[in-house]
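# Structure assessment
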Amino acid sequence: MNVKYAPSLLAADFTRLGEQVREAEDAGADVLHLDVMDGHFVPNISFGPLVVEALRPITSLFFEVHLMIQDAANYIQAFAAAGADRILVHPEISPHLHRLLQQIHDLNKEAGVALNPSTGLETLEYVMTDLDSVLIMTVNPGFGGQVFIPEMLPKIARAREMVRMSGRNIALGVDGGINARTAAATVEAGADLLIAGSSVFNKSGTVAHNLNELMLSVSAPSVRV
Ligand code: DX5
Ligand code: ZN
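Not measured: the values here are computed from a predicted model.

Attention now moves to the pattern of salt bridges. Under the counting rule described, the total for this entry stands at 9 salt bridges. Between Asp 85 and Arg 56 there is a salt bridge, with its nearest N and O atoms 3.0 Å apart. Remark: Arg 56 occurs in the loop between α2 (49-55) and β3 (62-68) and Asp 85 occurs in the loop between α3 (76-82) and β4 (86-89); sequence separation between them is 29 residues.

Shown next, in the form of structure tokens:
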């Protein structure tokens, strides 16, 4: 499986966001994961379209915007205009998931669904043809640095089966607590997009070193730390 790596900006040093994004790109990241939080859907507030727009010209990384906001429908246009390549929404926020996905596709952006740990996969059943990405939350959304929930492994495996059955090219991401100890198991279960915040951006190593450790833990699990 061709695994892609998506550092999550949330854990970056906000006094030098541009540099951190360039470090991630130089280190071989494929995607930049941007977590948008509104203090309502999740108990934390992060950043809005301005930050996405400011970073867009300095990198060619694919921008995945993860909307953890109550009022997603009213902000999709702004994030698309700011430079998102893919927009992920949570079905828990809206009874109109299909409409949200259409709204994203109408703006010629990739559309994805992110599922909280307690949300079942059946939510996806009738929107598979509208999906470019599925994100399995492996922590409860809202904060970086939380502990991976191992009960999500069988959910990842079932999601992989649904993606396979769909015959579509759908990225299967995992988000939360992904590090050199947990990543390989998620890939074994079927994940092909690893979102990692605090294990990539931290004070104990450079972005290049940390990302390389994460990649090695997947490609050569025997050196798993
Ligand atoms: C959590 C966010 C994640 C977060 C992951 O709500 O969706 O993307 O940045 O952080 P880590 O990798 O530190 O668990
Ligand atoms: Zn996220």
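Within the protein, the atoms that donate to the zinc ion (ligand 2) are His 33 (NE2), Asp 35 (OD), His 66 (ND1) and Asp 175 (OD), at distances of 2.0 to 2.3 Å. Here the zinc ion (ligand 2) binds 6 donor atoms, and the angle range of 71 to 168° at the metal identifies the geometry as octahedral. All donors of the zinc ion (ligand 2) belong to a single chain; written as a sequence motif, their spacing is H-x1-D-x30-H-x108-D. Linking Asp 35 in strand β2 (residues 31-37) with Asp 175 in strand β7 (residues 171-175), this pair joins segments that are 140 residues apart in sequence. In terms of burial, Asp 35 and Asp 175 fall into one category: buried.

For Asn 108, which is not a glycine, the phi torsion comes out positive at approximately 60°. Under the relative-accessibility criterion, Asn 108 is labelled exposed at 73%.

Read across the sheet, 8 strands follow the order β1-β8-β7-β6-β5-β4-β3-β2 without closing on themselves; strand pairing throughout is parallel. The open sheet is flanked by β1 (4-7) and β2, the only strands paired with a single partner. Taking each pair of neighbouring strands and ignoring which way they run, the sheet shows an average axis angle of 25°. Along the sheet, helix α4 (residues 97-106) makes contact with β4 and β5 (110-115), crossing β5 at roughly 145°.

Taken together, 20 residues form the shell around ligand 1, and within it Ser 8, Gly 142, Asp 175, Gly 197 and Ser 198 come nearest. Between ligand 1 and Ser 8, the relevant distance is 2.7 Å, taken from an oxygen atom to a side-chain nitrogen or oxygen of the residue. Between His 66 and ligand 1, the recorded distance is 3.3 Å, taken from a side-chain N or O atom to an oxygen atom. Here ligand 1 has 380 Å² of accessible area as a free molecule, and 99% of this is covered by the chains. If you list the elements that add at least two residues to the shell around ligand 1, you get β2, β3 and β8 (193-196). Counting residues per element, the shell around ligand 1 draws most heavily on β2, at 3 residues. In terms of residue class, the shell around ligand 1 is made up of 8 nonpolar, 10 polar and 2 charged.

Now for the environment of Gly 197. Looking at the element boundaries, Gly 197 is found in the loop between β8 and α7 (207-219). Taking the C-alpha atoms as reference points, Gly 197 and His 33, 164 residues apart in sequence, are found 8.7 Å from one another. In contact with Gly 197, not counting residues within four places along its chain, are Ser 8 and Ala 11.

We now examine the nonpolar core. Of all hydrophobic cores here, the largest spans 68 residues; its most connected members are Leu 9, Leu 34, Leu 67, Val 89, Leu 131, Ile 136 and Leu 194. Apart from residues lying up to four places away in sequence, Val 89 is in contact with Leu 67, Ala 72, Ile 76, Leu 97, Leu 100, Leu 101, Ile 104, Gly 112, Val 113 and Ala 114. Grouped together as the second largest cluster of nonpolar side chains are 9 residues, Val 31, Ala 114, Leu 135 and Ile 195 included.

The next thing to look at is α7. With 13 residues, α7 should reach 18 Å at 1.5 Å per residue; the first-to-last C-alpha distance of 18 Å fits that figure. Among all positions in α7, only Val 207, Asn 210, Leu 211, Leu 214, Ser 217 and Val 218 are buried. One side of α7 holds all its buried residues, which, seen down the axis, span an arc of 120°. In this structure, the buried residues of α7 make contact with β1, α1 (17-26), α6 (183-189) and β8.

Thresholds, definitions, all that
- Residues numbered from 1 in each chain as written.
- Chains lettered and ligands numbered in written order.
- Predicted model: local features only at pLDDT ≥ 70, side-chain atom pairs only at ≥ 80, totals over all residues.
- Heavy atoms only, no water.
- Salt bridge = Lys/Arg side-chain N within 4 Å of Asp/Glu carboxyl O.
- Helix = DSSP H or I, 4+ residues; strand = E, 2+ residues; numbered from the N terminus.
- Donors = N, O, S within 2.8 Å, 3.2 Å for Na, K, Ca; no water.
- Tetrahedral: all angles 85-135°; square planar, octahedral: opposite > 155°, others 65-115°.
- Buried < 20%, exposed > 50% of the residue type's maximum accessible area, 1.4 Å probe, protein only.
- Pairing = 2+ DSSP bridges.
- Axes fitted to C-alpha atoms, helices over the stretch in contact; angles between N-to-C directions.
- Contact = heavy atoms within 4.5 Å.
- Near = heavy atom within 4 Å.
- Polar contact = N/O pair within 3.5 Å; in protein donor to acceptor, adjacent residues only side chain to side chain.
- Areas by Shrake-Rupley, 256 points an atom, 1.4 Å probe, with all protein chains shown as cover.
- Nonpolar A, V, L, I, M, F, W, Y, C, P; charged D, E, K, R; others polar.
- Core = buried A, V, L, I, M, F, W, Y, C linked by side-chain atoms within 4.5 Å.
- Expected span 1.5 Å × (residues − 1).
- Arc of directions from axis to C-beta.

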